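Here is how the chains run, residue by residue.
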Amino acid sequence: MGLFWRRKSGDEFVRLGLNEPAKPTEAPAVDTQQQRAEQVPESPSLVPPASGGAPTPIPVEKVQHQVEKPQARADSETSNPVREKPVASRSPFATSVLGLNLSMEELKAQEEALEQEFSARFRRAVAATRESLSERLDTVFAGRKQIDEELLDQLEEVLIAADIGVNTTLAVLETVRHGIARKQINDLDALKTALKSELLGILKASEREGIASETTVAESVSPYVMMIVGVNGVGKTTTIGKLAQRIKAEGNDVLICAADTFRAAASDQLAIWADRTGVPLIQQKPGTDPAAVLFDSLKAAKARGSDVLIVDTAGRLHNKSNLMAELEKMKRVAAREVDGAPHETLLVVDAVTGQNGLEQARQFLKVAGVTGIVLTKLDGTAKGGIAVAIAKELSLPIRYAGIGEKVDDLVVFDPEQYVNSLFGN
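Residues numbered from 1 in each chain as written. Predicted model: local features only at pLDDT ≥ 70, side-chain atom pairs only at ≥ 80, totals over all residues. Heavy atoms only, no water.

With that settled, consider the overall build of the protein chain. Counting its regular elements, the protein chain contains 15 helices and nine strands. When each of the 425 residues of the protein chain is scored for burial, the buried share is 49%. Within the protein chain, contacts between residues separated by at least 24 positions form 80% of all contacts whose residues are at least 6 apart in sequence. For the protein chain, the computed accessible surface area is about 20,300 Å², with 50% contributed by carbon and sulfur atoms. (Helix = DSSP H or I, 4+ residues; strand = E, 2+ residues; numbered from the N terminus. Buried < 20%, exposed > 50% of the residue type's maximum accessible area, 1.4 Å probe, protein only. Contact = heavy atoms within 4.5 Å. Areas by Shrake-Rupley, 256 points an atom, 1.4 Å probe, with all protein chains shown as cover.)

Have a look at this one:
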């Protein structure tokens, strides 16, 4: 799966020289409070009220391979003591990009270990769907040696039951029937392979629309503005908190904008997440114009040099005309302050709601200018095929998937791994 948020150049840690070993004739640099004060300029103060505190520095983990003798010489040559204990890490991903005190080999090993961990967790998240799908497919294929129309009819029922959707299922089976007619699909193994290929093709095709990667926006554009939309109850606030934590953990300065001023509890919930992740939150009293809160947040983000601004929005759909006017105003404000903003508008969809969630998504597409999907609670349903239905019917990429309740249980959605996990590969 690689890095979670990779807009910064992947070799930045090399250019900074943080992983280069000290030359034999030179003592390692001493990390003192005086030197840090001289090297790091003081951040300008923020005018808008904020909560949650400034992002903490990326912690430096103690590395076993450091040589003790050069360090001892450095200690004797300076009057300021060197820190003996590093700051405890809040996240297992805290050094994933900058790689402080890590060699290239250690950094690569760390990233490979994280990738393997997330692959295993992703497979567990879709386990219920995989077991349901595999059991149904085994029942359909049991005792059969050839492909006939009855088998295809039963296969249609299986795919619809997995929440892949009627339209998507019919499109997939139409392609399969053409393959059978052309003698390209002759046995059950070939049929399974064709199914996997079709599902993966649908997910890959959706990446041609919307925003499939944050790397499409130049690094010079700052802050990168992410607007989060979705109805109440789908996990929007939790998703914002997880996004903030994961993006911050890779060395980015993150700010959250509480622009859902319609629901009083929204800011309170975001404040909890901001405090938990150590990410500043810009908020105002309930009923304030959301565009005004966004304006303050954009000014604050530019003042502090933030890399990313995550914007919460109202989750109501009962009055679409008001919501449309509100979102349009916010987009105008964002575009006036930052070139191309908002750079992403992510729609949060609850996988457990299945086809109902798909209908909610259609409604938001009409008013929000959605560029991508966040599929939450993927681990809580046996009908995880909704991901394919969303990609097919909305023609939008699924950017992230929620696979649990922990702060780091949000992963980049990997189409190939998803399809392989569904079929037990």
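That was the structure; now back to the text.
Attention now moves to the packing of aromatic side chains. If you walk through the whole model with that rule in mind, you get three aromatic pairs. Ring plane angle 25 degrees and centroid distance 5.0 Å describe the contact between Phe 4 and Tyr 400, whose orientation is recorded as stacked. Taken as a pair, Phe 4 in the segment before helix H1 (12-15) and Tyr 400 in strand E8 (residues 398-402) lie far apart in primary sequence, 396 residues in all. The class for Tyr 400 is buried, based on a relative accessible area of 0%. Residues Trp 5 and Tyr 224 carry aromatic rings whose centres are separated by 5.3 Å and whose planes lie at 80 degrees to one another, so their mutual orientation is edge-to-face. In this pair, Trp 5 sits in the segment before H1 while Tyr 224 sits in strand E2 (residues 224-229), placing the two residues 219 residues apart along the sequence. Summarising the burial analysis for this pair, Trp 5 and Tyr 224 share the class buried. Sitting above the plane of the Trp 273 ring, Arg 276 keeps its charged end 4.4 Å from the centroid. (Phe/Tyr/Trp six-rings, centres within 6.5 Å; stacked < 30°, edge-to-face > 60°. Lys NZ or Arg CZ within 6 Å of the ring centre and 35° of its normal.)

So, about the confidence of the model for the protein chain. With 73% of its residues at a pLDDT of at least 70, the protein chain reaches an overall mean of 78. Scored below 50 in pLDDT, residues 10-49 shows 40 contacts in the model against residues more than four places distant or in partner chains. (pLDDT = per-residue confidence, 0-100.)

On to the packing of helix H13 (residues 355-368) against helix H14 (residues 386-394). For the pair H13 and H14, the least separation of the axes is 10 Å and the interaxial angle reads 30 degrees. In terms of their interaxial angle, H13 and H14 are classed as roughly parallel. In this structure, the crossing between H13 and H14 has a hand that is right-handed. Judged by residue contacts, Gln 355, Leu 358, Ala 361, Arg 362 and Leu 365 of H13 engage Ile 386, Ala 389, Ile 390, Glu 393 and Leu 394 from H14. (Axes fitted to C-alpha atoms, helices over the stretch in contact; angles between N-to-C directions. Parallel < 35°, antiparallel > 145°, perpendicular 65-115°, else oblique. Left-handed = near helix turned anticlockwise from the far one by under 90°.)

This next bit is on the side chain of Thr 345. Checked against the element boundaries, Thr 345 lands in strand E6 (residues 344-350). Exposure remark for Thr 345: the relative accessible area of 2% places this residue in the buried category. Not counting the four nearest positions on each side in its chain, Thr 345 is found in contact with Met 227, Val 229, Lys 331, Ala 368, Gly 369, Val 370, Thr 371 and Gly 372.

Before going further, it helps to examine the environment of Val 419. One can find Val 419 in helix H15 (residues 415-422). Classification of Val 419 by relative accessible area gives buried; the value is 2%. Residues Val 419 and Val 388, spaced 31 residues apart in sequence, show a C-alpha to C-alpha distance of 9.3 Å. Those residues within four positions of Val 419 in sequence are excluded, and the remaining contacts are Lys 196, Leu 199, Leu 200 and Leu 203.

Before going further, it helps to spend a moment on the pairing of E8. Summarising burial for E8: five of the five residues are buried, a large majority. When strand E7 (residues 372-376) meets E8, the two strands line up parallel, connected through three bridges. Considered in E8, the bridge of Ile 373 is made with Ile 398. The parallel pair E7 and E8 is bridged by H14, and the resulting crossover is right-handed. With three bridges joining them, E8 and strand E9 (residues 410-412) adopt antiparallel strand pairing. The residue of E9 that forms the bridge with Gly 402 is Leu 410. (Pairing = 2+ DSSP bridges. Right-handed = clockwise from strand over helix to strand, strands pointing away.)

With that settled, the discussion passes to the pairing of strand E5 (residues 308-312). Counted residue by residue, E5 has five buried out of five residues, so it is predominantly covered. The sheet contact formed by E2 and E5 spans five bridges and is parallel. Residue pairing across strands places Met 227 opposite Val 311, the latter belonging to E5.

A surface patch of nonpolar side chains, amounting to about 220 Å² of accessible area, comprises Ile 160, Val 166 and Leu 170. Tracing the backbone through its elements, the reader meets Ile 160 in helix H6 (residues 149-161). Given the relative accessible area of 31%, Ile 160 is considered partly exposed. (Patch = residues over 30% accessible without salt bridge, like charges linked within 9 Å, V, L, I, M, F, W, Y side chains within 5 Å. Salt bridge = Lys/Arg side-chain N within 4 Å of Asp/Glu carboxyl O.)

Helix H12 (residues 320-337) packs onto helix H11 (residues 290-304) with a crossing angle of 25 degrees between their chain directions and a minimal axis gap of 9 Å. Taken together, the axes of H11 and H12 are roughly parallel relative to one another. Regarding H11 and H12, the two cross each other, and that crossing is right-handed. Note on element contacts: H12 touches H11 through Glu 326, Lys 329, Met 330, Val 333, Ala 334 and Glu 337, opposite Pro 290, Ala 291, Leu 294, Phe 295, Leu 298, Lys 299 and Lys 302. Here the contact of H11 with H12 is built from residues that sort into eight nonpolar, no polar and five charged. (Nonpolar A, V, L, I, M, F, W, Y, C, P; charged D, E, K, R; others polar.)

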